[in-house]
Amino acid sequence: MAFEGLSERLENSFKKLRAKGKLTESDVKEAMREVRLALLEADVNYKVSKEFTSKVTERAIGADVMESLTPGQMVIKIVNEELTELMGGNESRLAIANHPPTIVMMCGLQGSGKTTHSAKLALKLKKEGHRPLLVACDVYRPAAIKQLQVVGEQVGVPVFEMGTENPVHIAQEAVKFAKDHGNDYVFLDTAGRLHVDEQLMEELQNIRSTVHPHEILLVIDAMTGQDAVNVAKSFNETLGIDGVILTKLDGDTRGGAALSIRTVVDKPIKFVGTGEKLEAIDYFHPARMADRILGMGDIVSLVERAQEQYDEEEAKRLQKKIAKNQFDFNDFLSQIHQIKKMGNLKDLASMIPGVGKAIKDMDIDDNAFKSIEAIIYSMTPKERSNPELLNGSRRQRIAAGSGTSI
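Per-chain numbering applies: the sequence of each chain, read as written, is numbered from 1 onward. It should be noted that, the model being predicted, local features are given only for residues of pLDDT at least 70 and side-chain atom pairs only at 80 or more, the latter also being counted only at that level, while totals for whole chains, interfaces and linings use all residues. Side-chain numbers come from the whole structure's heavy atoms, not from hydrogens or water.

Chemist: Residue-level account of the overall build of the chain, with values.
Modeler: In this description a helix means any DSSP run of H or I spanning at least four residues, a strand means any run of E spanning at least two, and both kinds are numbered starting from the N terminus. Counting its secondary structure elements, the chain contains 20 helices and 8 strands. Relative to its 406 residues, the chain shows a buried fraction of 49%. By the convention used here, residues are in contact when the closest approach between their heavy atoms is within 4.5 Å. A fraction of 73% describes how many contacts in the chain between residues 6 or more apart in sequence connect residues 24 or more apart. Using a 1.4 Å probe, accessible areas were evaluated by the Shrake-Rupley method; residue-level cover was limited to the displayed protein chains. For the chain, the computed accessible surface area is about 19,800 Å², with 51% contributed by carbon and sulfur atoms. Note on exposure labels: buried denotes an accessible area under 20% of the residue type's maximum, exposed denotes more than 50%, and partly exposed covers the range between, all computed with a 1.4 Å probe on protein chains only.

Take a look at the structure:
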């Protein structure tokens with residue numbers, strides 16, 4: 001999970017503060033020195049780390065903290081508020097055009113995940129009742145058009161392509177197509193390069209000045225740390241971006257990019273990629289992320305993910321079955337599939353307050369459900385519906401079929 005190392009370091013710093021009944025100025029300064037080191041280790045920009053700890057120190061040595069009954073908790077509250085502010089304060093949503101379609105230009109370096117995240121965003125908007133259109137403007141990378149068509153098919157969103165035509169012309173024609181076919185969002189999947197170059201920027205500027213996108217989103221890899229911030233700076237200076245999509249935030253990343261981008265580039269993080277599945281994209285909530293960094297969990301996001309996957313009618317049906325003691329293996333299998341759709345298991349567990357620390361060193365395998373599924377799939381339909389049928393010989397057959405023991 002992102003910020004794991006940072007969370008641990010901050011927790012250790014605050015443990016010392018909590019142990020003290022009264023705080024002195026030197027206690028606060030000592031704790032903030034450790035916080036600054038923790039931020040630098042998490043690959044947060046040096047200037048950002050310095051400004052952050054100065055603000056917290058200034059607020060923390062105020063009379064209301066020093067005279068508080070629980071000064072340690074007051075300092076943590078201030079750190080939480082300042083972390084939230086550092087990441088943008090409020091969540092930032094996608095622009096909506098007064099006259100559809102809303103044109104969203106996706107840009108970034110090659111390999112940052114533009115194509116996949118174009119499809120992820122399109123799927124998210126489709127679930128919200130919109131009619132998005134994906135547009136293949138990357139005419140240079142081999143199989144880029146095919147990749148967009150494949151992910152477009154997976155999320156059930158149409159893809160507009162004109163082969164290796166001029167990308168500016170493709171973008172123009174796609175907008176006309178969207179107007180004629182009632183698509184209210186157009187995602188332009190533009191070409192990336194291995195590094196920021198003049199040719200790439202010139203093409204992006206031409207697309208921008210021709211179709212006038214309502215939103216220019218930069219897709220960057222959270223695992224590249226300060227390099228991600230430098231890329232964002234270059235794109236913003238040349239192109240003028242409106243927001244950032246941070247990918248791979250579920251990986252073993254130090255998370256410095258998420259804490260530095262807003263201050264360095266003054267553009268919000270709008271979405272975060274939280275896994276490989278096409279459903280794995282979330283709006284970026286600075287306050288919830290600050291809670292998670294400080295080990296307070298994120299129940300709201302967990303509930304939202306569950307709501308996205310759970311069907312209300314299905315839940316009512318299950319409730320009745322459980323009340324009548326009729327819960328069977330088909331129901332169990334259905335629930336496993338719903339949990340898997342919610343994302344990475346370790347990431348989900350870390351959203352529960354207090355659980356994050358407990359599971360830190362545990363190896364939670366995402367394939368943990370596979371052997372259970374194999375056992376259920378080795379049963380006959382009758383056995384799945386009537387678990388009481390499972391006697392010794394049936395268990396032996398199921399164990400052999402699923403490669404497990406009795």
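Chemist: So what about the packing of aromatic side chains? Which residues, and what values?
Modeler: Two rings from Phe, Tyr or Trp (for Trp, the six-membered ring) form a pair when their centres are within 6.5 Å of each other. A pair whose planes differ by under 30 degrees is stacked, one over 60 is edge-to-face, and the rest are tilted. Taken as a whole, this structure holds 3 aromatic pairs when the rule is applied. On the numbers, 5.3 Å between centres and 50° between planes, the contact of F160 with F177 is tilted. Of this pair, F160 sits in strand β3 (residues 159-160) while F177 sits in helix α8 (residues 167-181), placing them 17 residues apart in sequence. Centroid distance Y185 to F187: 6.1 Å. Interplanar angle 15°. Geometry classified as stacked. Like Y185, the residue F187 is buried in the burial classification. Criterion for a charge above a ring: Lys NZ or Arg CZ within 6 Å of the ring centre, and within 35 degrees of the ring normal. Looking at R93, its charged tip hangs above the ring of Y283, at a distance of 3.6 Å from the centre.

Chemist: Mind laying out helix α2 (residues 25-41), listing which residues take part and the relevant values?
Modeler: The end-to-end C-alpha distance of α2, which contains 17 residues, comes to 25 Å, matching closely the 24 Å that a straight helix rising 1.5 Å per residue would cover. Looking at α2, one finds that the buried residues are D27, V28, A31, M32, E34, V35, A38 and L39. Projected down its long axis, α2 shows its buried positions confined to an angular sector of 160°, all on one face. Each helix should span, by expectation, one fewer than its residue count multiplied by 1.5 Å. Think of the arc as the fan of directions from the helix axis to the C-beta atoms.

Chemist: I'd like a description of the pattern of salt bridges, backed by residues and values.
Modeler: By convention in these notes, a salt bridge is any Lys or Arg side-chain nitrogen within 4 Å of a carboxyl oxygen on Asp or Glu. One pass over the structure, following the stated rule, counts 12 salt bridges. Across the pair R93 and E91 runs a salt bridge whose closest N-O atoms are separated by 2.7 Å. Of the charged contacts, one joins D266 and R262 as a salt bridge, the two residues approaching to 3.8 Å between their closest N and O atoms. R262 sits in the partly exposed class, given a relative accessible area of 24%. The structure contains a network of salt bridges with shared partners spanning R59, K77, E81 and E82.

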